[in-house]
Amino acid sequence: MTPLLRSAALLAALSLPLAANAQAPFSVRGDAEASGLPGVANPTTQRNIAAQEAAGLSPNNPRTSQNQRPGADAATGIPAPFDINQDGTSPVVVIPEEEQTIFRPFTTTSPLANGRRPGPVLPVDAVSREQRENITRLLKEDADTVRELRVNVENAQEWVEAVVDRPIVPFRTLRLDGEIDSTSWTFFLSGAEAARGGTLAIAFTNSVLVLPEASRLRIFLNGRQIAQTAIDSPDRTKVIALPIPSELVRPGENALRLETEMRHRIDCSLLATYELWTRIDTRLTGFSFGGGRTPLAGLNDLPGVGVGTNGATRIRVMQRAPSTVTSVDRMLRAVQAASVRGRFVQPLVEVVPITANPEPMAGTVNIVIGTYDQIRTISPDIPAEGGVGPLTTLIDTARLGPTVVIAGPNERAVDAALSRFDVASGDNAPRSPIIATPPWLVPDSVRVNGADTITLREAGVETINFSGRRFVTDFKVTLPPDFYAAAYGEAQLLLDAAYSSDVEPGSRLSVFVNGILSTAISFTSSDGEVYDDFPIVLVMKHFRPGINNIEIVADIETEADEACLPGGTVPARDRFALFSSSRLVFPDFARIGQVPNLASFATNGFPYPLSNGPVRVRVASDSLDTVGAAGTLLSRVAVSRGAPLATNVVETVSAFTDTGAIIVAPLQEVSSLTLETTDANRVIPSNWLQPFSTGRVGEEPQGLERYDDVLRRLRQQLRQEEVRLDRTADVPSDPARSDVALDQRSETERTRDRWFEELEAERGIGGAINDLVQTVRDALNLDLSFGEDSRQAEVEISPVSEGATLLFAQAEAPNNANTAWTLVTAPTPGLLSTSMAAVSSPDQWTRIGGRITAYDLENNAVETVAVDSVGYLATLPLSFRNLRLIAANWFSINNGFYALALIAIAVLLGLVTWLLVSPLGRKN
C-alpha cells in the first residue's frame, strides 16, 4: 500500500469510530441501537458479526481467546453472575436461568434518564453538578445489571477522586500496550464487605487506531472471567459497572486480572503494534457499595485501607511533638508495623500536627500516638480505655476514617501499646500477598535463593495462543540481597513454544532481562516448528538483587502482513504459541553481601538486618516534610523485606562511626562527615548549592501536597505520549527544530561530543596507539587497572544530572567495614518528601542500585553510579562450594588479576617441571 493510499485509509478509518461513538455511547436494557457487541440486535452489529465470522473471529471461536478458562468455579459450583459459555470464549453475558428476562451485555437502569423510559444516552461531560451526582449514583447503586457510560473526565480533577468508594489499582498509572497485554493484582475486602458485595467499576480509554470489532478487554475476578467488552472508546472514558455478589468474592485477598487483545485498524506492520494502547483510569476504577463504604472492624482489617487514586496508601501520623527524638522513633516503628500488617505496597508517610483536622480520604489511614490526655482532643471517638492502660486499636468513623490509636495514661504505657502493635507485625513474615489463589493469577514475583527451576505457570504465565504480529509477555523473579553472580554463569530458559508455517524465516524471539536484550533466536523453518525444551541462555550479569523482570517478545512476520489487504489486520489463524510448561533454570550462584550496594538496601534493608543491634537513624526533624520522608523510606524498606527494621533515632551520627546509620535530611542539614563518608559531596549537582526555587511564592508546602501535582503532570505526559502514538502529534515545521526534538541527548552531551569530534584529529600517533590498546582490552574484556587508587578514580566521576531532586548514597561506616552508612538527601525538605514519595513507587523502587542513585522528579527518571570498590560481608557459612563460586565471580570481575594468576601458575608449573625433569636422563 502506497503512503498516499495508506494516509487516505487512515483518515477514513479515524472518522468512522467518532461518528459511531457520537450516536449511542452506551446501551440500555431493551435498546437495540446502543451496543456494538455481539448479542445485541442491531443491523450494524449483525454486519460486524458476519464479518468476524467470515474472518474466522466468531464469538465462539476458541482462537479469539488467549487462555481457556471456565466461567464457574469447578470446586464450589458457584456460577459467575456474568458467566461465559462452556467453551470459555463467548463475549455474550448471561444471568441465572431463573430470571426470565433476556440479559444483554451492557445494560443499565440509567438514572441519567431522569425517571423516563430507558433509552439511548449521549456521552456525559460531567460539567454540571447534577451530571456528576448522576454518574456517582450510577456507579454506586445496587443493581443486578451491568451499567455502562462514557464520560469526559480529563479536566475533572476534584470530584472524580471521590466517585468510587474503594480505588483498587495499586499503580500510579496503568496502560496495557500492544496486541496482547495483561496485568493482575490483589485487593483486600473485609468480612463485612465480602458478605455485602458491591459494584466493580472498570474505566478505560484507548487509542483511536484500535479496531473495536476485533479488540476486547477481559476482566477476571478470582480466576473467573466475569465480563468482557469491546475496546471502543477513543474519545471518552468508558466506565463499566459490574454488580459483584458475595459469592464471587471472599474475605481477605481477592485477585483481579485485566487482559487486552487489540488489533490495528489499517496497518499490518510490526511498528503499528506500538500504536495500540488501552489506558485504565485509576480514579474511576474500584469498588463501590450501596449506602457507602463499610467501616473497618479492627486491626485485622488494616489491609482494607487499600490504595488511593494515586496507587499508594497514605499513612497520616498525628503527634503532639514530632520534632523530638522520642516521637520520631515511635513514628518510625509505628509506620513500619502498619505497612507490614496492612500489606501496603507503596506507603507514603505524612506527619501532621495533632491540632490538624484532616478529612477522611480513600486509601488513607491515620495513626495517633501519645498519652490519652494529649490525643483525646483530636476526636471524641478516641476510646476512653487509653486513659486507663495501654491501648492499641483501630477505629473507623465518618469524622476521621480508619485510625490506629496507640495510647496510654503515661509515656511508659504508650511504649507498651506500641510494642503490642510492633510485635504483632512479626506474624506477617515474608510471603506471597495472595492466599489460596491459582498460580496463574499470582502477580508477586517468584523467589529464587539458589539452584532452582520454575515453570512459567508458577510465575503467572498461562499457555497463550497468539494470532498477531508482536507477542509480549513477562514475569518476575526475586533474587536475594546477597546475590553475587553478576559477572559469570548462565541461567537457561527451556522454551516450549511453536510457530506456524505462515511465519516467514527471519522472524525472531527475544528475551529481555531488566530491559536489556539477553538472547535472540530466529525462526528458520518455513514449515513451522515446535520447540520442546529449546535452551535459551540468559547471562547472569543482567540479573540483580531484588525483583528482576523477564520479558519474552516474538516479532512475527508473514506474507499476508506485507500485502495488508482489507481485513488483513485481523488474522484468523494462530501464528505462535507459548506453553506454560516452559522452564527457567537457575544455576547455583554465590551468596555474599556487598557494601555499598543500594539494590540490596532497597530489597531488604541490607546490610542492616545482619546487625544484632538497631540501626541508628538521623532525621533532621525541624521539618515535618523531612520526618515524613524518613517514614516513607523506612516503611518502603520494611515492605520489601516483609518485616520492620529495628531503629534507634539519634540526634547526631558522629558518635556512632562504628555502627550502621541511615541519615535523612535536606542538604543544608547534612554534616560534612556524612558527605565525605558516603562520597556524596563528589556528585552533588551544582545547582543544589544555590538557593533552590520551589516554583511557589511564600513558604514551601508541607506534607504530600505537591505529590498530587506531580501525578497530574505525569498523567499529562502520558496523554501527550499517547497522542504521539496515535500519529496526531504536530510535526515541527523547522527541520532544524525537528532534528533537535529527535535528539534526546542533553545540551552538555551534545557539546561534549562536538569537542570530541574536533579534537579527535589532533590526537596523533599516541592517540591511535591508546585506541588500539583500548580496543584489545575491550575485545578480551580485560581490567588492567590492578588496584589503582580508587579515590583517584572516584574524583573523575561526573556529578549526576542537574535535574536530580533526590540522592541516595551508601558507603562503609567510617570505623566498621561490616556495616554501612546510607544517606538520603535533597535540596529542600519539600523536594525530599515529594521525591521520596515518587521514587517509592514499584516501577522506580526496583531501579535503585549502585553506590549512588539520583532521582529526577520532573522527568521521573533514575540515574545510578556504579560501585567501583566494594567490601564483602558473609551472610552464610563459608562452605567450600560457596567460596568456589565467590572466587569465580571475583576473578570474572577482576580478570586482569586472573590473567596474572594464570601466568604465575604457568611459570610455577614450568619451574617445578624443570626441577623434576633436570636430574633425570643421561649425563655426559
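Just so you know, these numbers come straight off a predicted model, no measurement behind them.

Colleague: How should I be thinking about the sheet that holds strand E4 (residues 180-189) in this particular structure?
Modeller: Remark on secondary structure: sheet strands pair via backbone hydrogen bonds, oriented parallel or antiparallel. Here 4 strands make up an open sheet; going across it, the order is E4-E9-E6-E7 and the pairing antiparallel. The strands lining the two open edges of the sheet, one partner per strand, are E4 and strand E7 (224-230). Averaged over all adjacent pairs, the angle separating strand axes in this sheet is 20 degrees, with direction ignored. As defined by bridge partners, strand E6 (residues 216-221) adjoins strand E9 (residues 252-261) across 6 bridges and the pair is classed as antiparallel. Its bridge partner being in E9, Leu217 is matched across the sheet by Thr260.

Colleague: Which parts of the structure should I look at to understand the environment of Val164?
Modeller: Locating Val164 in the fold gives a position in the loop between strand E1 (147-151) and strand E2 (166-167). Val164 gets classed as buried once you look at its relative accessible area, which sits at 3%. Separated by 123 residues in the primary sequence, Val164 and Phe287 have C-alpha atoms spaced 6.1 Å apart. In contact with Val164, not counting residues within four places along its chain, are Lys140, Ala201, Arg283, Leu284, Thr285, Gly286, Phe287 and Ser288.

Colleague: Just checking my understanding: could you explain the pattern of salt bridges for this structure?
Modeller: Once the charged atoms of two side chains with opposite charge are near each other, the side chains can pair. Throughout the structure, instances matching the rule amount to 27 salt bridges. Across the pair Asp843 and Arg172 runs a salt bridge whose closest N-O atoms are separated by 3.5 Å. Of this pair, Asp843 sits in helix H18 (residues 842-845) while Arg172 sits in the loop between E2 and strand E3 (174-177), and the two are 671 residues apart along the sequence. The closest approach of N and O atoms between Lys238 and Asp232, which form a salt bridge, is 2.9 Å. The exposure class of Asp232 is buried, given its relative accessible area of 16%. Put simply, Glu148, Arg150, Asp232 and Lys238 are held in one network by salt bridges that share partners.

Colleague: Can you help me understand the packing of helix H5 (residues 325-342) against helix H10 (residues 624-641) in this one?
Modeller: The description of two helices packed together rests on the angle between their axes and the distance between the axes. The interhelical angle for the contact between H5 and H10, taken along N-to-C directions, is 40 degrees, at an axis separation of 8 Å. In terms of crossing hand, the pair formed by H5 and H10 is right-handed. Touching Val328, Met331, Leu332, Val335, Gln336, Ser339 and Val340 of H5 are Val627, Ala630, Gly631, Leu634, Ser635, Ala638 and Val639, all from H10. Per-class residue counts for the contact of H5 with H10 are 10 nonpolar, 4 polar and no charged.

Colleague: Would you take a moment to explain empty space enclosed by the protein for this structure?
Modeller: Where empty space is left becomes clear once a probe the size of a water molecule has been rolled over the atoms. This structure, assessed with the given rule, holds 6 cavities of 30 Å³ or more. In this structure, the second largest cavity occupies an estimated 90 Å³ of space. Surrounding the second largest cavity, Arg172, Thr173, Leu174, Arg279, Ile280, Asp281, Thr282, Arg283, Arg715, Leu718 and Arg719 form its lining. Every element with two or more residues in the lining of the second largest cavity is listed here: strand E10 (277-280) and helix H12 (705-725).

Colleague: What is the right way to look at the pairing of strand E37 (residues 861-865) in this model?
Modeller: Sheet analysis places strand E36 (residues 852-856) next to E37, joined by 5 bridges and oriented antiparallel. Of the residues in E37, the one forming a bridge with Ala854 is Glu863. Between E36 and the antiparallel strand that follows it, E37, lie 4 residues; Asn860 among them carries a positive phi value of about 50 degrees.

Colleague: Just to check I follow, could you spell out helix H17 (residues 829-839) for this structure?
Modeller: Owing to its 3.6 residues per turn, the α-helix brings residues three or four apart onto one side. Burial within H17 is extensive, with 11 of its 11 residues counted as buried. Regarding H17, the residues found buried are Pro829, Gly830, Leu831, Leu832, Ser833, Thr834, Ser835, Met836, Ala837, Ala838 and Val839.

Colleague: Explain the sheet that holds strand E13 (residues 347-353) to me, please; I cannot follow it from the model alone.
Modeller: Pairing is mixed in the open sheet, where 5 strands are placed in the order E13-E12-E14-E16-E15. A single partner strand is all that each edge strand has here, and the edge strands are E13 and strand E15 (391-397). In this sheet, neighbouring strand axes are inclined to one another by 20 degrees on average, regardless of whether the strands run parallel or antiparallel. Pairing analysis gives 5 bridges linking strand E12 (residues 313-319) to strand E14 (residues 364-371), with the strands arranged parallel. Of the residues in E14, the one forming a bridge with Arg316 is Asn366. H5 rests against E12, E13, E14 and strand E16 (401-408) of the sheet, and its axis sits at about 150 degrees to E12.

The rules behind each value
All residue numbers refer to positions counted from 1 along the written sequence of the respective chain. Per-residue local features are limited, in this predicted model, to residues with pLDDT of at least 70; the limit for side-chain atom pairs, both in listing and counting, is 80 or more; totals at the level of whole chains, interfaces and linings are taken over all residues. Side-chain numbers come from the whole structure's heavy atoms, not from hydrogens or water. Only strands that DSSP links by at least two bridges are regarded as paired with each other. Only DSSP runs of H or I covering at least 4 residues are called helices, and only runs of E covering at least 2 are called strands; the numbering of each starts at the N terminus. Note on geometry: axes are lines fitted to C-alpha atoms, helical ones only across the stretch in contact, with angles between N-to-C directions running from 0 to 180 degrees. Relative accessibility under 20% of the residue-type maximum defines a buried residue, over 50% an exposed one, and the middle range a partly exposed one, all with a 1.4 Å probe and only protein chains included. Note on contacts: a residue pair is in contact if any heavy atoms of the two residues lie within 4.5 Å. We count a salt bridge whenever a side-chain nitrogen from Lys or Arg sits within 4 Å of a carboxyl oxygen from Asp or Glu. Put simply, a crossing is left-handed when the front helix is turned counterclockwise from the back one by less than a right angle, and right-handed when it is turned clockwise. Residues are grouped as follows: nonpolar covers Ala, Val, Leu, Ile, Met, Phe, Trp, Tyr, Cys and Pro; charged covers Asp, Glu, Lys and Arg; every other residue, Gly included, is treated as polar. Think of a 1 Å grid over the protein atoms and nothing else: a 1.4 Å probe that fits but is trapped marks a cavity, an open set flanked by protein within 12 Å on at least five of seven lines marks a pocket, and residues with an atom within 4 Å of a point count as lining. Grid points are joined across faces, edges and corners, and a volume is the space filled by probe spheres set on the points.

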